[in-house]
Amino acid sequence: MSLSSPFIQRPIATSLLTLAIILGGLLSYVRLPVAPLPAVSFPTVLVTASLSGANPETMASTVATPLERSLGQIAGITQMTSSSSEGSTSVIIQFELEKDINEAAREVQAAINRAEALLPSAMTSSPRLRKLNPADSPIMLLSLTSAEIDKGTLYNLANQDIAPRIAQVDGVSRVSVGGSSSPAVRITINPRKLENAGIGLDQIRDAINAANSNQPTGFTEDERYRWSIHTDSQMFEPQNYRDLIIARDGDHVMRLGDVARVEKSVEDIYNVGFYNRQPAVVIVVSPASDANVIETIDRIKARLPGIYDALPASADLHTVMDRSPGISASLQETQITLILAVFLVVMVVFVFLRNARATLIPSAVIPVSLLGTFMVMYLLGYSLNTLSLMALIIAIGFVVDDAIVVVENIARHIEAGMEVRQAALLGAREVGFTVLSMSVSLVAVFVPLLFLGGFIGRLFHEFAVTLATAVMVSLLVSLTLTPMLCSRWLKGSIHARPPGRLQHLVERSGQRILAGYERTLDVALRHRRLTLLSLVAVIALNGFLYVHIDKGFVPDQDTGRLIGAVRGDQSISFDAMSAKLDTARDRLLADDSVASVLGFLGGSGPAGGGVNSATLFVTLKPERSGDTNANGNRLSGLMSNIPGVQVFMRGLQDLRMGGRSSSNSQYELTLKSDDLSLLREWSPRVAQAMRGISEITGVDSDSRDGGQAIKLVVDRDLAARLGLSMRDIDTLLGNAFAQGQIASVYEGTNQYYVVLEVARQWQRSARALEMMHIINDDGSPIPLSAFSHYERSTSPVSVSHQGQFAATTVSFNLSDGVSLSSATDIISDRLDRLHLPTDIQADFEGNAASFQSGVEAMPWLILAALVTVYLVLGILYESYIHPLTILSTLPSGGIGALLALMWLGKPFTLIALIGIILLIGVVKKNAIMLVDFALNAERERGLSAQDAVREAALVRFRPIMMTTLAAILGALPLMFGTDENAALRAPLGISIVGGLIVSQILTLYTTPVVYLYLDRLRRR
């Protein structure tokens, strides 16, 4: 009794069980989340800290270093990088994949608490942390514009009203606001008037602090009532500050308005945002790692009408970028590909079986297997994404294989005159072990992927489980539903009706092909040594092609969206940088391929990085020519002649590794050293050498140590005699030039700052220092020039660390048509010729590092798949020899895949590697059918090895051709597509189709020969 017998004998139970799978699958399908790619979320935490007016070196030494030392004690950190620029520090901590992100966040917060005692007392707020996914790309960009409302009020609307309402949407991870800053009262001092009045900046600061109080004022009560006491203790309007008395001389008073200009403005005036040519506040929405992107965007859109209604009439909120149309189009095209693959596979079955009922039976396996897979995907928390849908498309060619073998064997018995029910019982029992071997060994191919760690393992885990699940569900359906349907639907001979002209043509063609195969097979069997040598040559050619083929990481998506960086000279002013940014924007908008441009400069918004670095989001037109990266390279070249700035463009991708926010290009090379001066000497040399490589473009370095600086040289002895300390001097400079937030006022739920500085016309020259003076303990104004002088020098614009070592990252993009393997080989060769000092360590990071680890893992992954398949087959066949016969079919698949990729100019990427691994499963299924038949013929009928394998090759020729053509046509639609993820799917289809075509031609001859040689070895 076989597994199939109870299901053949109980058709109602079998039908209801199938119906349950269908209903569960449909329910699961509608609940599956939708995403571009699987959730590959490295546990990453971002810590940010700010100290207004502090230079980058001060931020690095007084803020970044204490934080890094405390954070470095946390277990499980794989990478820690920091970047310090003027007034801000960010530290990105990336943990092992197995680390729980919530636990990591708690440990990071504890480390921040430990470090706070070592941080500067002038910091107005503690360092903040947030969970970060480096692979996140924005799912929506919004711009808030108005012709009437000032920037501070617009920012407040975005930050206080819009961003929180969007952040509450399920599926949103964070909402960032940039392009301006919060409203504030700005007090700009005229130092000349202040000097004439004999008043110091610290005196003004003290007066403003004293005029703003937020102390508890208590209450009073009698026998019946209680009254709380309130005071007018805070000032909100500029006029209140203008009237503030800052000094008194008898009856004469000096008010703040006499020496300063007071106005409502913003906390930080050194930032700007725009949408096309209109000033704007930018809102960037990022998704949670497990979010259904389309549903999340739909929820945001559902809230937008309420947000619009709450805005002032003169404010306009625009949706600049929305990822849902691209993802929906990609999902829709993938689903069409899935349907097309089903149709092609069904047509293959029909052509070979030439009977509608016989075709319908294996065709029924496809939807049942897919729906059963949806149930498992839902239970495991998976999503419908490009990789899982690719797995389902490929699975179509696999899941029908088992049913084809069962139906074809049952049909063969019916054609021989056996009664239908008996044929179903006998046919299912005969091929039951064959089908089991085929499916189990195919699933075994994915076992190494399931246990593979790191990014690659996490990325393809969902793919492997989805495909393995589909195969196992199809195995159960093929051994239960399929033979039951055969026993009910196949009536007598499946070819009882007179064949039509088309069937005659197909049958004659099949007979001719089989006759031709029989003749050529006999030739191969007579010339066994030559046939075996051809197999050896194929194995050697595989190694040669693998070494010489271009290799890549993961194909880039064609999203139609670019993220750009405009990097100004290190000493560029904010006004000059704003003008350069306007020029870059205008050139982009003038290009025929560009639909819109959104950007921001400075501040602490989504990518705030000082006044010399701006961020751009460019949306390309759908009717553009060339892919996204090609347009990015072209547009970067278009702006290469803007003096004083560099413009970098790269395609917005859903897949990005590494914890660096300072990289302006897609791939990274990092130099590390504990000798900062040596690193600063060699970093520019490395960057310059890389700019001379034609295979890469967009070369940029985050080494920014050439900014202009003014060093105040103080005669400490003289200053001490005048009653002044260095703290007094630093306080004066901070009050004058650091946009110091000297007081806080509270209004409702909002907190605003009072900002103090000298007027901008007094900040435009180093000579402004000569106009500054300090009031000493005697009340005498002492000019800075009395005890100091200034010198011009250079200072870093930013300071970067990695793992507490000084670090410089050089980022780059690939030129059109250049593979990542070629680029990294050329860069490594150029570094070797530079002869870097031993104290400097150079490593690829981010995507480039993942690529290198992937290239190293590729041959081991293939070897692990081969070993796993051998072990499984050896267990199933209780033999050391016959698994080798089956595995001998695999080299031909590899050579076909590599040749197809090279012919079409595609690099060997991780997606192509998955195709090779899939080929191991497909090609060996054909060999299993042949070997299994030959072994049975030897045991049960006493045939010689040669007669048995020859008969096996001829009898199994039809199911082998059917399963191979089904797999080819199932994979063929993957090669074609126009959506943004088409490039991701293409290498999988190319490698499978190419591999199957070549392997089908070769293995039909080499497998019988190898079987004979190994059978002779077994008998010794």
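Residue numbering note: each chain is counted from 1, following its sequence as written. Totals for whole chains, interfaces and linings use all residues, but because this is a predicted model, local features are given only for residues with pLDDT of at least 70 and pairs of side-chain atoms are given and counted only at 80 or more. Side-chain calculation: all heavy atoms of the structure are included, whereas hydrogens and water are not.

For the protein, an unreviewed UniProt entry supplies the name Multidrug resistance protein MdtC and the organism Kushneria phyllosphaerae. UniProt positions are given in the numbering used here, feature names are shortened, and annotations may be inferred rather than shown by experiment. As its UniProt record puts it under Subcellular location (unreviewed entry), the protein is described as follows: "Cell inner membrane".

Enquirer: What is the right way to look at the domain arrangement of the protein in this model?
Expert: For each domain, the first and last residues come from an automatic or database assignment. Taken domain by domain, the protein comprises domain 1 (1-31 + 354-490), domain 2 (43-132), domain 3 (135-332 + 726-764), domain 4 (501-548 + 879-1019) and domain 5 (558-652). Whether two residues touch is decided by their heavy atoms; if any such pair falls within 4.5 Å, the residues are in contact. Tallying the contact residues gives 27 residues for domain 3 and 23 residues for domain 5. Accessible surface is computed with a 1.4 Å probe, and the buried area is the amount of it that two parts give up when combined, taken over both parts together. A per-residue breakdown of the area domain 3 buries against domain 5 is headed by Phe274, Asn276 and Arg277, which together make up 30% of the total. When a carboxyl oxygen of Asp or Glu is within 4 Å of a side-chain nitrogen of Lys or Arg, the pair counts as a salt bridge. Connecting domain 3 to domain 5 are two salt bridges. Pairing of N or O atoms within 3.5 Å defines a polar contact, subject to two protein rules: one partner must be a possible hydrogen donor and the other a possible acceptor, and residues neighboring in sequence count only if both atoms are side-chain atoms. If you look at where domain 3 meets domain 5, you find five residue pairs in polar contact (both at pLDDT 80 or more). If you list the elements that add at least two residues to the side of domain 3 that touches domain 5, you get β5 (140-146), β6 (172-178), β13 (271-275), β15 (281-287) and β16 (315-322). Strands here are runs of E lasting at least two residues and helices are runs of H or I lasting at least four, both read from the DSSP assignment and numbered beginning at the N terminus.

Enquirer: So what exactly am I meant to see when it comes to the sheet that holds β15 here?
Expert: Picture the strands of a sheet paired through backbone hydrogen bonds; they go either parallel or antiparallel. For two strands to be treated as a pair, DSSP must find no fewer than two bridges joining them. Taken together, the four strands give an open sheet; going across it, the order is β6-β15-β5-β16, and neighbouring strands pair in antiparallel fashion. The sheet terminates laterally at β6 and β16, the two strands that pair on one side only. Pairwise comparison of adjacent strand axes, ignoring direction, gives a mean angle of 20° for this sheet. Pairing geometry for β5 and β15, over five bridges, is antiparallel. When the sheet's bridge partners are listed, Ser143 is paired in β15 with Val282. Lying over the sheet, helix α5 (residues 151-167) contacts β5, β6, β15 and β16, oriented at roughly 175° with respect to β6. Between the N-to-C directions of two axes lies an angle of 0 to 180 degrees, each axis being a line fitted to C-alpha atoms and, for a helix, fitted only over the stretch in contact. On the sheet, helix α10 (residues 293-310) packs against β5, β6, β15 and β16 and is oriented at approximately 170° with respect to β16.

Enquirer: I'm lost on the packing of aromatic side chains in this one. Help?
Expert: In this description, a pair of aromatic rings is defined by centroid distance and the angle of the planes. The pairing test for Phe, Tyr and Trp rings, Trp by its six-membered ring, is centres within 6.5 Å, and the orientation test on the planes gives stacked under 30 degrees, edge-to-face over 60, and tilted for anything in between. Within the structure shown, the criterion is met by nine aromatic pairs. On the numbers, 4.9 Å between centres and 20° between planes, the contact of Tyr517 with Phe957 is stacked. Highlighted residues: Tyr517 in helix α17 (residues 501-526) and Phe957 in helix α30 (residues 957-971), separated in sequence by 440 residues. Overall, Tyr517 belongs to the buried group, its relative accessible area being 4%. Buried, partly exposed and exposed residues are distinguished by accessible area as a fraction of the type maximum, computed with a 1.4 Å probe on protein chains only: under 20%, between the cut-offs, and over 50%, respectively.

Enquirer: I would appreciate a short explanation of the nonpolar core in the present structure.
Expert: Soluble, globular proteins show a tendency: their nonpolar side chains are buried together. As used here, the term nonpolar core means buried Ala, Val, Leu, Ile, Met, Phe, Trp, Tyr and Cys residues forming a set that is joined through side-chain atoms within 4.5 Å. If you look at the biggest cluster of nonpolar residues, it comprises 202 residues, and the most contacted ones within it are Leu144, Phe460, Phe463, Phe908, Leu918 and Leu988. The element contributing the most residues to this core is helix α28 (residues 910-941), with 21 residues. Not counting the four nearest positions on each side in its chain, Phe463 is found in contact with Leu387, Met390, Ala391, Phe446, Ile914, Leu918 and Leu988. Judged by nonpolar contacts, the second largest core, of 41 residues, contains Val185, Val259, Ala719 and Val758.

Enquirer: Please explain unusual backbone geometry as it appears in this structure.
Expert: The bulk of non-glycine residues show a negative phi, and the bulk of peptide bonds are trans. Non-glycine residue Asn276 carries a positive phi angle of around 55°. With respect to the secondary-structure elements, Asn276 resides in the loop between β13 and β14 (278-279). For Asn276, a relative accessible area of 22% corresponds to the partly exposed category.

Enquirer: I would appreciate a short explanation of helix α4 (residues 101-115) in the present structure.
Expert: Residue pairs spaced three or four apart in an α-helix point in one direction, given the helix's 3.6 residues per turn. The span expected for a helix works out to 1.5 Å for each residue beyond the first. Over its 15 residues, α4 extends 21 Å from the first C-alpha to the last, a length consistent with the 21 Å expected when each residue adds 1.5 Å. Restricting attention to buried positions, one finds in α4 the residues Ala104, Ala105, Val108, Ala111, Ile112 and Ala115. The buried residues of α4 occupy one face: seen down the axis, they fall within an arc of 125°. Buried-residue contacts for α4 involve β1 (44-50), α3 (56-71), β3 (88-95) and β4 (128-132). Where α4 starts, the residue carrying a side-chain oxygen 3.2 Å from the main-chain nitrogen of Asn102 turns out to be Asp100. Here, the arc refers to the directions that run from the helix axis to the C-beta atoms.

Enquirer: I tried to follow the pattern of salt bridges on my own but got confused; where do I start?
Expert: A side chain of one charge can pair with a side chain of the opposite charge if their charged atoms are brought near each other. Tallied over the entire structure, the rule returns 21 salt bridges. Between Arg226 and Glu221 there is a salt bridge, and its shortest N-O distance comes to 3.1 Å. You can call Arg226 exposed: its relative accessible area is 54%. By relative accessible area, Glu221 is classed as partly exposed at 46%. A salt bridge links Lys672 to Asp843; the nearest nitrogen and oxygen atoms lie 3.9 Å apart. Linking Lys672 in strand β21 (residues 667-673) with Asp843 in strand β31 (residues 841-845), this pair joins segments that are 171 residues apart in sequence. For Lys672, a relative accessible area of 17% corresponds to the buried category. Among the ionic contacts, a cluster of salt bridges with common partners joins Arg277, Asp582, Arg585 and Asp586.

Enquirer: Can you help me understand the sheet that holds strand β18 (residues 594-602) in this one?
Expert: Taken in spatial order, the six strands make up an open sheet running β14-β13-β18-β19-β17-β20, and their pairing is antiparallel. Two strands bound the open sheet, and with one partner strand each, they are β14 and β20 (645-651). As judged from the seven bridges shared by β18 and strand β19 (residues 613-620), these two strands associate in the antiparallel manner. Across the sheet, residue Val594 finds its bridge partner in β19, namely Leu620.

Enquirer: What am I meant to see in the side chain of Ser593 here?
Expert: In this structure, Ser593 sits in the loop between α19 (574-589) and β18. Residue classification places Ser593 among the buried residues on the basis of a relative accessible area of 9%. At a separation of 3.3 Å, a polar atom in the side chain of Ser593 contacts the side chain of Arg634. Every residue in contact with Ser593, bar those within four places of it in the chain, is listed here: Leu620, Lys621, Arg624, Asn631 and Arg634.

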